[in-house]
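This is what each chain is made of:
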2 protein chains.
Amino acid sequence: MATQAAFAVRFPQLARPGRGQGQGQPAARVAVRGGRAPAAAARGVRCRAGGLIEPDGGRLVELVAPEKGGRRAALRREAAALPHRLRLGRVDTEWLHVLSEGWASPLRGFMRETEFLQALHFNAVRGGDGSLVNMSVPIVLALDDAQRRAIQADGATAVALVDAHDRPVAVLSDIEIYKHNKEERIARTWGTTARGLPYVEEAITNAGDWLIGGDLEVIEPIKYNDGLDQYRLSPAQLREEFARRNADAVFAFQLRNPVHNGHALLMTDTRRRLLEMGYKNPVLLLHPLGGFTKADDVPLSVRMKQHEKVLEEGVLNPESTVVAIFPSPMHYAGPTEVQWHAKARINAGANFYIVGRDPAGMGHPTEKRDLYDADHGKKVLSMAPGLERLNILPFKVAAYDTKHNKMNFFDPSRKEDFLFISGTKMRSLAKNRESPPDGFMCPGGWKVLVEYYDSLAPPEGSSKLREAVAA
Amino acid sequence: MATQAAFAVRFPQLARPGRGQGQGQPAARVAVRGGRAPAAAARGVRCRAGGLIEPDGGRLVELVAPEKGGRRAALRREAAALPHRLRLGRVDTEWLHVLSEGWASPLRGFMRETEFLQALHFNAVRGGDGSLVNMSVPIVLALDDAQRRAIQADGATAVALVDAHDRPVAVLSDIEIYKHNKEERIARTWGTTARGLPYVEEAITNAGDWLIGGDLEVIEPIKYNDGLDQYRLSPAQLREEFARRNADAVFAFQLRNPVHNGHALLMTDTRRRLLEMGYKNPVLLLHPLGGFTKADDVPLSVRMKQHEKVLEEGVLNPESTVVAIFPSPMHYAGPTEVQWHAKARINAGANFYIVGRDPAGMGHPTEKRDLYDADHGKKVLSMAPGLERLNILPFKVAAYDTKHNKMNFFDPSRKEDFLFISGTKMRSLAKNRESPPDGFMCPGGWKVLVEYYDSLAPPEGSSKLREAVAA
């Protein structure tokens, strides 16, 4: 069968190391370990690293008004004076964050119709020079019919975007309003219109029937004040950090689930392979997704505590690992979404992307099957327009090796030795405070998970107490 | 609003006439008038016209075994000896026809999974050199689970494709079988999964749950023996004809509805504009779609009779018009399908494509609205990957001008003078044997239409007779 052959042909050889990274000093410390971003990165200094992959469109888009020069105050006044205000919901704010830092470069604001249509039909948009950049999910802002009529009635060309407390966050200018055909958007993004898609229920079903695009200018960096902002490094900050460490290859790993030693094995092995290929200092971008996730996913705060443990306990080498939060919300749109996950990491400086089995997949919301073919994500990613520069590294499957009592790459010649611990199984173990097999997860990381499930389901005693009271 | 600006920017200038067309003699006769294809074209001589647009992939694919040299007989024996046979349905045969003549160049057979996924996600597939060619609709062949198991059980690498009478038509070799996720295919192709999509009901709902791709070799040219085969010119034959006429521009007009004088006005005006641009001999490819259409569309045989009248009565100039049948079935997939309609015409030598309002659109099958935004087809077509070489000519709206008693381009400054005659209105007039306004359609064309509706609904007398019998 030709599929595998065609897939292998797509990137006949991985990129060879580029020229040297210049005169930077050796990597000396951990970027975010202990929860503090490096000072240089925190200042948002522009990337100087000539050796990192170019952002899409050639230049990293940054839409936050600069701190100096009075632009922030002026923009705040402008926003306050605008007669039309659109209130951002949670997911809207996450997209605004994404846009403001250039994860979606070269997009400079919420999509206008031409960009929306290109994303839906081609998973790619044409840049100013006619070349295609990948853009597989619509990044759009909805408004209702009354809002549309009010804006169009007085011919407004800009609107203020405000937070839940009505405070101005940004200005959207040179606006364009167009129809929000939800059915078509959903069908083309997810390949189904079945009810129960988490992102659809969260952000589309009750959204307005119109979309508004335009050029975005954000008053100040988006903060969540949840104790995790120090992990939210922008693409510019990440590029700065990779340059500081003299990375000559950056390999990104996206995940939204608890990290276990199988992941760690894969990441360590990837670094080894890159070293074998001749790279001198491959750096891992360990990049959990931080935006909207479905209700039964493990929350970001828990996952970040786990990530801290993985580094503290030395499961991953802090010298060659940068842990940061990817601020995007999650679509669970499988092959369509994995392109977005990969493309955004190019903008953060990654030239290698590790793709797993069934990336961004989930169960079909109404049928007893997976929504996507488990291999389609990898295949679609390898063929996607605008991602030609990115090296796709297919995930090697790791499982618990009962012969060696540790996580190991699956060896089909002795498959009876391997134990696959599904997410469901892992959750069930943690919920029941059972221990996982030795070496499945670092002890600190497991403890974090057990404590989380404890907080959801009160210990047995209190439950019994309640039963007694109820009886 | 930026949409229109972006659309105009896409093709900032139309292609200028190329170098001369060589030493060909002046166009002297009508290609298909009177129902006979020119002898040279009928022989399938390969295109020699250096000035015509290149086929996708650089070379026109032709998959019919050559007449000479014994290949047809050998292939027929090969097919007869193959243990696995798949019977082609009506729509399958139409696609086989399309593939065999290279309308879908560079495809060389029914899609394998990599091509299928690229068509669904990107509306484009990557050629051997890495460049993108447009390919927006899946061209696939389904089989059921029993067929799949039988083929895979003995490791077959080729299957025979047979007609309704079990006669071998083609061989599909180097086969690949993969899952047919109908829901995802439908959602990504139509942007809806609502029941009642004509192509879905005809060709997908009851099709097998697996798809088979491979390299196709067809035993002999596909014929329908319906009295219209002489209009079924292949891309190679059309290219030969355009070269013979010394065409220095070919503009294609796709339609599946009865042709009226508004269409004729548009085509005549397009030729005038091309002459003004400096082309010496722009030729129209008037190219009604001949494959599957929905039940309430006017049948091909009626439409072809109408087209003959349009030429006979001089509404269009036979010297600069080639009428031929496009053998593809109709998806009614709006912006997705219009790309296919345009792309296929590149392979036939057209470098200009006239796009109408809501091309390949239809009413939503379950809601009271159009399935697609009427402007999306034009917009998507203008941005589609792989169609950069094609000049898109947006349709100018024509309507009945009651002041001048003829079809005219709509003039918004005196909109009260214009009468829009919808397809529904036209059908209702023809059904009731009423006359349309003077100049709406040529008399012969109108007569053909009235006769068709007469044949569907018997004259009043016989209907009354039946009622009397029933009473």
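Sequence order sets the numbering: in each chain, residues are counted from 1 along the sequence as written. In the order they appear in the text, chains get letters beginning with A and ligands get numbers beginning with 1. Local features are withheld for residues below a pLDDT of 70 in this predicted model, meaning they are given only at 70 or higher, and side-chain atom pairs are given and counted only at 80 or more; totals for whole chains, interfaces and linings count all residues. For side-chain calculations, the full set of non-hydrogen atoms in the structure is used, while hydrogens and water are omitted.

Visitor: I'd like a rundown of the UniProt feature "domain: ATP-sulfurylase PUA-like" (unreviewed entry) in chain A, residues and numbers included.
Guide: UniProt positions are given in the numbering used here, feature names are shortened, and annotations may be inferred rather than shown by experiment. According to UniProt, the "domain: ATP-sulfurylase PUA-like" (unreviewed entry) feature falls on residues 53–220 of chain A. Helix makes up 34% of residues 53–220 of chain A and strand makes up 22%, while its end C-alpha atoms are separated by 27 Å. Secondary structure elements are defined from DSSP: runs of H or I of at least 4 residues count as helices, runs of E of at least 2 residues count as strands, and each element is numbered from the N terminus.

Visitor: Hey, could you go over the pairing of strand β9 (residues 282–288) of chain B for me, with residue numbers and the actual values?
Guide: On a regular strand, each side chain points to the face opposite its neighbour's, so the side chains alternate between the two faces of the sheet. Residues and elements named next belong to chain B. We call a residue buried when its accessible area falls under 20% of the maximum for its residue type, exposed when it is over 50%, and partly exposed in between, using a 1.4 Å probe and counting protein chains only. Most of β9 sits out of view: seven of its seven residues are buried. Burial of the side chains of β9 extends over both faces: P282, L284, L286 and P288 are buried on one face and V283, L285 and H287 on the other. Should DSSP find at least two bridges between two strands, the strands are taken to pair. Two strands pair when backbone bridges link them, and strand β8 (residues 249–255) and β9 are joined in this way by seven bridges, in the parallel orientation. Across the sheet, L255 pairs through a bridge with P288, a residue of β9. Note on handedness: a clockwise path from strand one over the helix to strand two, with the strands aimed away from the viewer, defines a right-handed crossover. Considered for its hand, the β-α-β crossover made up of β8, helix α10 (residues 261–276) and β9 is right-handed. Pairing of β9 with strand β10 (residues 321–323) involves three bridges; the strand directions are parallel.

Visitor: Can you lay out the relation of the copies chain B and chain A for me, pointing to particular residues and giving the numbers?
Guide: Superposition of the copies was done by least squares, using only C-alpha atoms of residues whose pLDDT is at least 70 in both. When chain B is fitted onto chain A, the two copies agree to an RMSD of 0.0 Å after a turn of 180° and an axial shift of 0.0 Å. Look at the turn and shift together and you get a two-fold axis relating the two. By definition, residues are in contact when any of their heavy atoms lie within 4.5 Å. With an isologous cut-off of 70% or more, the 100% of interface residues of chain B that recur at the interface of chain A puts this contact in the isologous class.

Visitor: Give a detailed account of the sheet that holds strand β8 (residues 249–255) of chain A, specifying residues and quantitative values.
Guide: Residues and elements named next belong to chain A. Spatially, five strands are ordered β10-β9-β8-β11-β12 in an open sheet, and the strand pairing comes out parallel. Unpaired on one side and paired on the other, β10 (321–323) and β12 (391–394) mark the two borders of the sheet. For this sheet, the mean inter-axis angle between neighbouring strands, taken without regard to orientation, is 25°. Only the stretch in contact is used when a helix axis is fitted, and all axes are lines through C-alpha atoms; the angle between N-to-C directions ranges over 0 to 180 degrees. Contacting β8, β9 (282–288) and β10, helix α9 (residues 235–244) crosses the sheet at an angle of about 155° to β9.

Visitor: Can you break down the packing of aromatic side chains residue by residue, with the values?
Guide: Residues and elements named next belong to chain A. For Phe, Tyr and Trp, rings pair up if their centres lie within 6.5 Å, where Trp contributes its six-membered ring, and each pair is then called stacked (planes under 30 degrees apart), edge-to-face (over 60) or tilted (otherwise). This structure, assessed with the given rule, holds 20 aromatic pairs over all chains. Consider the rings of Y199 and F292, whose centres lie 6.4 Å apart with planes at 70°: the pair is edge-to-face. Here Y199, found in helix α8 (residues 198–203), pairs with F292, found in the loop between β9 and α11 (300–312); they are 93 residues apart in sequence, far enough to count as distant. Per residue, the accessibility class of Y199 equals that of F292, and both read buried. A centroid spacing of 6.0 Å and a plane angle of 40° characterise the contact between F326 and W340, whose relative ring orientation is tilted. On the criterion of sequence distance, the pair formed by F326 in the loop between β10 and α12 (334–347) and W340 in helix α12 is long-range, its members being 14 residues apart. When sorted by exposure, F326 lands in the same class as W340, which is buried. Joined through ring pairs, the aromatic side chains of W95, W103, F326 and W340 make up one cluster.

Visitor: Talk me through the environment of P83(A); I want residue IDs and the actual numbers.
Guide: Residue and element names in this part refer to chain A. Note on placement: P83 falls in the loop between α3 (71–81) and β1 (85–87). P83 gets classed as exposed once you look at its relative accessible area, which sits at 61%. Along the backbone, P83 and L265 are 182 residues apart, and their C-alpha atoms lie at a distance of 55 Å.

Visitor: Any chance you could break down the sheet that holds strand β6 (residues 168–179) of chain B for me, citing the residues and the numbers?
Guide: Residue and element names in this part refer to chain B. Spatially, β1-β5-β6-β7-β4 is the arrangement adopted by the five strands of the open sheet, whose pairing is mixed. Of all strands in the sheet, those bounded by a partner on one side alone are β1 (85–87) and β4 (142–143). With five bridges connecting them, strand β5 (residues 158–162) and β6 associate as antiparallel partners. Across the sheet, L161 pairs through a bridge with A170, a residue of β6. Across the sheet, helix α3 (residues 71–81) is in contact with β1, β5, β6 and β7 (210–218); its angle to β6 comes to roughly 50°. On the sheet, helix α4 (residues 90–100) packs against β1, β5, β6 and β7 and is oriented at approximately 45° with respect to β7.

Visitor: Can you tell me about the environment of T336(B), naming the residues and giving the values?
Guide: Residue placement: T336(B) occurs in helix α12 (residues 334–347). Along the chain, T336(B) and H376(B) lie 40 residues apart, while their C-alpha atoms are 9.6 Å from each other. Filtering out sequence-adjacent residues up to four positions away, T336(B) remains in contact with H121(A), R188(A), N123(B), S136(B), V137(B) and T189(B).

Visitor: Report on the side chain of Q306(B), specifying residues and quantitative values.
Guide: All names here are of chain B. Mapped onto the fold, Q306 is located in helix α11 (residues 300–312). By relative accessible area, which is 1% here, Q306 ends up buried. Setting aside chain neighbours within four positions, we find Q306 in contact with P258, V259, M441, G445, V448 and L449.

Visitor: Any chance you could break down the packing of α12(B) against helix α13 (residues 376–383) of chain B for me, citing the residues and the numbers?
Guide: A pair of packed helices is captured by two measures, namely the crossing angle of their axes and the spacing between those axes. Residues and elements named next belong to chain B. For the pair α12 and α13, interaxial distance at closest approach is 8 Å and the crossing angle is 55°. As far as their axial angle goes, α13 and α12 are oblique. In the packing of α12 onto α13, the handedness of the crossing is right-handed. Mapping the contact onto sequence places P335, V338, Q339 and A342 in α12 and H376, G377, V380 and L381 in α13. Here the residues of the contact of α12 with α13 are counted per class, giving five nonpolar, three polar and no charged. Angles below 35 degrees are treated as roughly parallel, those above 145 as roughly antiparallel, those between 65 and 115 as roughly perpendicular, and all remaining angles as oblique. We call a crossing left-handed when the near helix sits turned anticlockwise from the far one by less than a right angle, and right-handed when that turn is clockwise. Gly falls in the polar group here, along with every residue not listed as nonpolar (Ala, Val, Leu, Ile, Met, Phe, Trp, Tyr, Cys, Pro) or charged (Asp, Glu, Lys, Arg).

Visitor: Requested: an account of the interface of chain B and chain A, with residues and values cited.
Guide: The interface of chain B with chain A comprises 47 residues on the first partner and 47 residues on the second. Buried area: the sum, over both parts, of the accessible surface (1.4 Å probe) that disappears when the two are put together. Here chain B meets chain A over a buried area of about 3,900 Å², counting both sides, of which 52% is carbon and sulfur. Three residues, F122(B), R188(B) and M383(B), lead the burial of chain B against chain A; their summed loss comes to 17% of the area buried on that side. One speaks of a salt bridge when a side-chain nitrogen belonging to Lys or Arg is within 4 Å of a carboxyl oxygen belonging to Asp or Glu. Seen at the junction of chain B and chain A, the total is eight salt bridges. Here K179(A) and D373(B) are joined by a salt bridge, their closest N and O atoms 3.5 Å apart. By the criterion applied in these results, polar contacts are pairs of N or O atoms within 3.5 Å in which, for protein atoms, one can donate a hydrogen and the other can accept it, and in which residues neighboring in sequence qualify only through two side-chain atoms. Taken together, chain B and chain A are joined by 26 residue pairs in polar contact (both at pLDDT 80 or more). Of the residues belonging to the side of chain B that touches chain A, the class tally is 18 nonpolar, 15 polar and 14 charged.

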